[in-house]
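Summary of structural features
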Amino acid sequence: MSSESTERRPGVVMHVRCPDRLPEETYRQVLEQLAELSPVVQALPPTAALVDLRGALRYHGATPSHLGDMVRLRTVSRYGVDVRVGIGPTVTVAATASAQVPHAGGVLAVEARDAATWLALLRVEDLHGIGPRQAATLRHYGVDRVGVLAALPTTTVQRLLGRAGRTAVDRARGIDPRPVTPRRLPASASVRHRFPHDVLDGATVRSALLGLVVELGAELRRRRQAARALTLTLTFAGGTAWEKTRRLAAPSGHEDDLRQVTYQIMDAAGLQRGRLTALALRAEDLADGDTVAEQLSLDTARQARLAAEQAADRIRKKFGPGAIGPAATYRPAS
């Protein structure tokens, strides 16, 4: 696509920047909220997302700034998260604008006709896509502002930055033909247990871990999905955390398989005197359960456990998720 055609048909792109790194579930909820605004949402995990606003502007009959304010208000009211929103005619302008919003949150919209002038006044390191090393090289040769970079011949910048020079000059001039490509987060499911006080007792931890396995397996089977990998996160007193991922031999949503891999990860942690405050178990790289072939097994004990699992799922569906589970996960009320 030529730069002239890009300039004749400017887009309207929103770049949403979250504060620091959100928990995966919260980040996923922010993405779902953006999808309420426009069907064209591109996840940029773990802290950002792009939205193509052209259809949304027509549908809502609103200005880009108004849509930005709407997104910010919803994320604050629903999730307690204040985001920085940048809006511009290209991905580069929108992402550069969101970085210029104060860290507390806000909205900055740059019109297509003003984009080149607005960019020109920024420091060269503020241009989205320019890394620290590239910025240092440009500054060494006196290129300290985006406007100076935009005015240079492309061949000159290519001698300084290599093949990235052409892209840098185009973006400094407000030219960026990249579309917003719909992309969601890879499917995952997670469960979490927080202890009421610091825990050192291994039996208590193992009981809570088994409870997470049962809860996660039931959720996967309810969604008719199977996990290819599991991630276990241990949170210790003082706020430090330990996390490890291990892949399953075959995709599964059965407690037998999830429990075996989860316990292997737990054993790899080598806990001795660490006091735990929370556990989190996440199923990742999910597959459609209907497409996962069940392996024939001569293990009658396993077949009996799978039959019991199916019966337990029916009981949970009728009476609720806490109606049945392993005895080890039940503790008398204190």
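A quick note: this is a predicted structure, and the numbers were derived from the prediction, not measured.

**Notes on the overall build of the protein chain**
Scanning the protein chain from terminus to terminus reveals 13 helices and 10 strands. The dimensions of the protein chain, computed from C-alpha atoms along their principal axes, are 75 × 45 × 40 Å. Taking all 334 residues of the protein chain together, the buried fraction comes to 43%. Surface exposure of the protein chain reaches about 18200 Å², of which carbon and sulfur atoms provide 52%. Taken together, the 46 basic and 34 acidic charged side chains of the protein chain have centroids lying 2 Å from each other.

**A few points about helix α10 (residues 164-172)**
Among the residues of α10, G165, A168, V169, R171 and A172 are the ones counted as buried. Buried residues of α10, seen end-on, are gathered within an arc of 165 degrees and therefore sit on one face of the element. Looking at the packing, one finds that the buried side of α10 touches α5 (91-100), α6 (115-120), α8 (146-151) and α9 (154-161). Looking one or two residues past α10, G174 carries a phi angle of roughly 85 degrees, positive in sign.

**Comments concerning the side chain of E255**
Mapped onto the secondary structure, E255 falls in helix α12 (residues 255-269). In this structure E255 touches V213, V214, R221, E309 and R316, once residues within four positions along its chain are discounted.

**Digging into the sheet that holds strand β5 (residues 106-109)**
Sheet architecture is open: five strands sit in the order β2-β3-β1-β4-β5, paired in mixed fashion. What marks the edges here is a single partner per strand, and that holds for β2 (41-44) and β5. Neighbour to neighbour, the strand axes of the sheet diverge by 15 degrees on average, direction disregarded. Note: strand β1 (residues 13-17) against strand β3 (residues 48-52), five bridges, orientation antiparallel. In the sheet register, M14 faces β3, and the bridge partner there is V51. Sitting on the sheet, helix α2 (residues 24-37) is in contact with β1, β2 and β3, with an inclination near 160 degrees to β2. Sheet contacts for α5: β1, β3, β4 (84-88) and β5; angle to β4, the most-contacted strand, approximately 145 degrees.

What counts and what doesn't
- Residues numbered from 1 in each chain as written.
- Predicted model: local features only at pLDDT ≥ 70, side-chain atom pairs only at ≥ 80, totals over all residues.
- Heavy atoms only, no water.
- Helix = DSSP H or I, 4+ residues; strand = E, 2+ residues; numbered from the N terminus.
- Buried < 20%, exposed > 50% of the residue type's maximum accessible area, 1.4 Å probe, protein only.
- Areas by Shrake-Rupley, 256 points an atom, 1.4 Å probe, with all protein chains shown as cover.
- Lys, Arg positive; Asp, Glu negative; His and termini not counted.
- Charge placed at Lys NZ, Arg CZ, Asp CG, Glu CD.
- Arc of directions from axis to C-beta.
- Contact = heavy atoms within 4.5 Å.
- Pairing = 2+ DSSP bridges.
- Axes fitted to C-alpha atoms, helices over the stretch in contact; angles between N-to-C directions.

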